[in-house]
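Secondary and tertiary structure notes
The chain contents come next:
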Amino acid sequence: MNTNKLILTLFAVAFSGMFANAAFAAEDLTKACQGKNYQPSIVPEKMTVQEKKLRFRCLVQPAVITVFSELTDQYNSVSEAVKQDSESANIKRLKKKYKAKSNEDLLKAMKPHPKSIALAQAAMESAWGTSRFFVQANNIFGVWSFNKNEPRIAAGEKRGKKTIWVKKYGSVKEAINDYYLVLARGRAFGEFRDVKMKSADPYKLVEKLDSYSERGAEYGKELASMIRYNKFYKVD
């Protein structure tokens, strides 16, 4: 290989590494994904790390952005509605949905947390969109199922003699909506919701997600590293 070819090859390798860890603006991601035709149910064989991360971003990032925008609009609308009529039928319905005892609790539940956290958790929980749960059930966050009447698949492991089930979703967007709902009303995430009302700093917030994983406090540290290394914070 001559010197010029060697330089070009090294540049291409370096550039592809930068590309894999860069956060894409919406228009840049659209260009990068153009013609790829990625599908959650199909994991290409022998993907490079760069290709795996691009596939993940193409499948997940647009849906995260859309869900966050929709939830933000809903939160802003309800914030104004509470000021006008705190006991309206719609407010009561939302309190029931979010298991909120007060209007303050409702707003804490409805305010969406940063997109960078959702992307980091999705990447971690699904092994960058290659897990069986994602491929077979669009379940990118490893959300469990406790309702035998809802779509679900067996996790392939048991707790004692009890089978663990995970939810099966109709789309990636549906999975993301449900994930936000889990963090919005789960008892274990009360402190997370409190901090979320005071700060949008993803690094502070992930410290309060230790209950999401059996890894405890280490889970929050791993999420922070994931956000930082992959520059997910640029999507916020």
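See the structure above.
With the rule as written, the count across this model stands at nine salt bridges. Of the charged contacts in the structure, one is a salt bridge between D194 and K108, with a shortest N-O distance of 2.7 Å. Residue D194 is located in helix α9 (residues 190-196), and its partner K108 is located in helix α5 (residues 103-110); the two are separated by 86 residues in the primary sequence. Looking at D194, the relative accessible area reads 33%, which means it is partly exposed. Residue E191 is joined to K208 by a salt bridge in which the shortest nitrogen-to-oxygen separation is 2.9 Å. Remark: K208 occurs in the loop between α10 (202-205) and α11 (217-229) and E191 occurs in helix α9; sequence separation between them is 17 residues. With relative accessibility at 25%, the residue K208 sits in the partly exposed group. Because the salt bridges share partners, they merge into one network encompassing E104, K108 and D194.

What follows deals with the side chain of S213. Of note, S213 is situated in the loop between α10 and α11. Relative accessible area serves as the criterion here: at 14%, S213 is assigned to the buried category. There is a polar contact of 3.0 Å between the side chain of S213 and the backbone nitrogen of R215.

Moving on, we come to the layout of surface pockets. What the largest pocket holds in volume is close to 1100 Å³. Surrounding the largest pocket, 31 residues form its lining, G142, V143, W144, F146 and Y212 being those nearest its centre. Secondary structure elements with two or more residues in the lining of the largest pocket: α6 (115-125), β1 (152-159), β2 (162-167) and α8 (172-185). Of all the elements, α8 adds the most residues to the lining of the largest pocket, at four residues. For the lining of the largest pocket, a count of residues per class yields 14 nonpolar, six polar and eleven charged. Considering only enclosed or pocket space, the second largest pocket measures out at about 230 Å³ in volume.

Here is what the cut-offs are and how they apply
Residues numbered from 1 in each chain as written. Predicted model: local features only at pLDDT ≥ 70, side-chain atom pairs only at ≥ 80, totals over all residues. Heavy atoms only, no water. Salt bridge = Lys/Arg side-chain N within 4 Å of Asp/Glu carboxyl O. Helix = DSSP H or I, 4+ residues; strand = E, 2+ residues; numbered from the N terminus. Buried < 20%, exposed > 50% of the residue type's maximum accessible area, 1.4 Å probe, protein only. Polar contact = N/O pair within 3.5 Å; in protein donor to acceptor, adjacent residues only side chain to side chain. 1 Å grid on protein atoms, 1.4 Å probe; cavity = no way out; pocket = protein on both sides within 12 Å on 5 of 7 lines; lining within 4 Å. Points joined across faces, edges and corners; volume = space filled by probe spheres on them. Nonpolar A, V, L, I, M, F, W, Y, C, P; charged D, E, K, R; others polar.

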